[in-house]
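Residue-level structure breakdown
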Amino acid sequence: MTLTTIYKESWKTKYKSPTCSVAMLFHILSIATIIVVPAVVGFYTRNLWVSDLSYYEQPNVEFKYQLITQLQNTQSESKVWSTWSYYNTLVQDILTVPSISVDEQDSNRDGLADQINITLQFSEGDIKSCETLLVFQYQLSDLCELVMETPIYIQSSVTEQSVTVFGSVRLQQHETLQPHNPHTSYNTSLVEDPAILQSYDVVGILENVAKRTLTTRFEELYRVSRPSDGFTISYILNIPSQNIRYEPGFWEAMKYAWIQYITLLVIARYVVCAVRDFVFQNMILTTLKQETFKSE
């Protein structure tokens, strides 16, 4: 036979004490512990208030059709070429002129280059090393706004006269970006004064770029060499999504802090309430116990 509840009594126990008493002090300390301990634990275990978050974005990378390349043959003779006509005039004695082809591929048709292929073909042979400085425009626009002119430097040892270098362009960050705050301080020409020969010094350019808090690097994956009559070098540059570090705003940081605080608060409240129940139910502190019940 099924039984149905038709009446129920609920007992309620109250513990009372004077305002100035040990029991009241214990009660205040219990509440303070529930509030303060989660904040202290969160602070000392770090990341309660986050100052560094990240997101992924594919940058808009464009080749500026500016480069400086230097070849060295097996007789240790150097040949150079650049896209700056003034520099080529100054180094005419060791100048070599290649044919250059550039192919930008957008495989997912989102308007951003996913791969940039740059090929240099020289009539010279017997090359043993090649150094190339490529100049790009690098842009971010989703959460953080960044526009800068940046180099990619690739140094290759040559075993055969046709070389293909595969790799990726990566953002190198030494500081976090601030959302919705345009960062354009590095959007300046890498060649500071085109009328001065020293401005084209690759080592000097790289030294200036190394002082930046934001730059790019080339992450090489593979290098393939094949026999060829003249010297040919191809650079296959992939442009993957980048992990961008940024400084969150107040409310975003508060959101993460609040989640952690509430989690610790639940644990602290459970522990403190268990201790309080034990103290008062066993009359460890002097209080006035009052029991009442209500009918339902």
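Heads up: the structure comes first, above all this text.
The sections below set out a description of the structure shown in this document. (Residues numbered from 1 in each chain as written. Predicted model: local features only at pLDDT ≥ 70, side-chain atom pairs only at ≥ 80, totals over all residues. Heavy atoms only, no water.)

Comments concerning the overall build of the protein chain
Stated formally: Note on conventions: DSSP H or I runs of at least 4 residues are helices, E runs of at least 2 residues are strands, and numbering of each starts at the N terminus. With a 1.4 Å probe rolled over the protein chains alone, any residue whose accessible area is under 20% of its type maximum counts as buried; one over 50% counts as exposed, and the rest are partly exposed. Every residue pair with non-hydrogen atoms within 4.5 Å of one another is taken to be in contact. Areas reported here follow the Shrake-Rupley algorithm with a probe of radius 1.4 Å; residue values treat only the protein chains shown as occluding. Charged residues are defined here as Lys and Arg on the positive side and Asp and Glu on the negative side; His and the ends of the chain fall outside this count. Note on charges: their place is set at NZ of Lys, CZ of Arg, CG of Asp or CD of Glu.
When helices and strands are counted, the protein chain shows four helices and 13 strands. Taking the principal axes of the C-alpha coordinates as reference, the protein chain spans close to 105 × 55 × 30 Å. Taken across its 296 residues, the protein chain has 36% of its residues classed as buried. Counting contacts in the protein chain only where the partners sit at least 6 residues apart, residues at least 24 apart contribute 77% of the total. Total accessible area on the protein chain is roughly 18000 Å²; 54% of this is exposed by carbon and sulfur atoms. The average position of the 21 basic charges and that of the 31 acidic charges among the side chains of the protein chain differ by 20 Å.

Details of the sheet that holds strand β6 (residues 115-122)
Put simply, the rule reads: Strands were regarded as paired on the criterion that DSSP finds at least two bridges between them. A fitted line through C-alpha atoms serves as each axis, taken over the contacting stretch for helices, and the angle formed by two N-to-C directions is quoted from 0 to 180°.
Pairing is mixed in the open sheet, where five strands are placed in the order β5-β6-β11-β9-β10. The open sheet has two edge strands, β5 (99-105) and β10 (214-226), and neither has a second partner. When the angles between neighbouring strand axes are averaged without regard to direction, this sheet yields 20 degrees. Two elements, β5 and β6, share seven bridges in a ladder whose sense is antiparallel. Bridge assignment links Val102 to a residue of β6, and that residue is Ile118.

With respect to the sheet that holds strand β4 (residues 78-82)
The four strands lie next to each other as β4-β3-β7-β8, forming an open sheet whose pairing is antiparallel. Single-partner strands in this sheet number two, and they are β4 and β8 (146-157). Here the strands of the sheet are splayed against their neighbours by 15 degrees on average, with no regard to which way each runs. Note that strand β3 (residues 60-73) and strand β7 (residues 127-140) share twelve bridges and pair antiparallel. Note on β7: the bridge partner recorded for Leu71 is Cys130. Across the sheet, helix α3 (residues 202-210) touches β3, β7 and β8, and the angle it forms with β8 is around 135 degrees.

A closer look at the packing of aromatic side chains
As a reminder of what qualifies: Planes of paired rings set the category: under 30 degrees apart is stacked, over 60 is edge-to-face and the rest tilted, where pairs are Phe, Tyr or Trp rings (Trp by its six-membered ring) whose centres lie within 6.5 Å.
Per the stated rule, a full pass over the model turns up twelve aromatic pairs. On the numbers, 5.1 Å between centres and 45 degrees between planes, the contact of Phe63 with Tyr65 is tilted. Taking relative accessible area as the criterion, Phe63 reaches 4% and is therefore assigned buried. Ring centres of Trp84 and Tyr200 lie 5.8 Å apart, and the angle between their planes is 65 degrees; on these two criteria the pair is classed as edge-to-face. In this pair, Trp84 sits in the loop between β4 and α2 (85-90) while Tyr200 sits in the loop between β9 (162-173) and α3, placing the two residues 116 residues apart along the sequence. One exposure class covers both Trp84 and Tyr200, and it is buried. An aromatic cluster is built from Tyr15, Phe26 and Phe280, whose rings are joined through pairwise contacts.

A closer look at the packing of helix α1 (residues 22-44) against helix α4 (residues 250-281)
Selection rule: Here is the rule for angles: anything less than 35 degrees is roughly parallel, anything more than 145 is roughly antiparallel, 65 through 115 is roughly perpendicular, and the remaining ranges are oblique. Handedness of a crossing follows from how the near helix is turned relative to the far one, being left-handed for an anticlockwise turn of less than a right angle and right-handed for a clockwise one. The classification used treats Ala, Val, Leu, Ile, Met, Phe, Trp, Tyr, Cys and Pro as nonpolar, Asp, Glu, Lys and Arg as charged, and all other residues, Gly among them, as polar.
Relative to each other, α1 and α4 sit at 155 degrees, their axes nearing to 8 Å. Between α1 and α4, the angle falls in the class roughly antiparallel. Crossing geometry of α1 relative to α4 is assigned as right-handed. Taking contact as the criterion, the partners of Ala23, Phe26, His27, Ser30, Thr33, Ile34, Ile35, Pro38, Ala39, Val41 and Gly42 in α1 are, on α4, Tyr261, Leu264, Leu265, Ala268, Arg269, Val272, Val275, Arg276, Val279 and Phe280. For the contact of α1 with α4, the residue count by class is 15 nonpolar, four polar and two charged.

So, the pattern of salt bridges
So the rule is basically this: By definition, a salt bridge exists where a carboxyl oxygen of Asp or Glu is found within 4 Å of a side-chain nitrogen of Lys or Arg.
The full count for this structure, using the stated rule, is five salt bridges. It is possible to trace a salt-bridge network through shared partners that takes in Arg170, Arg217 and Glu219.

So yeah, pure geometry; function would need other evidence.
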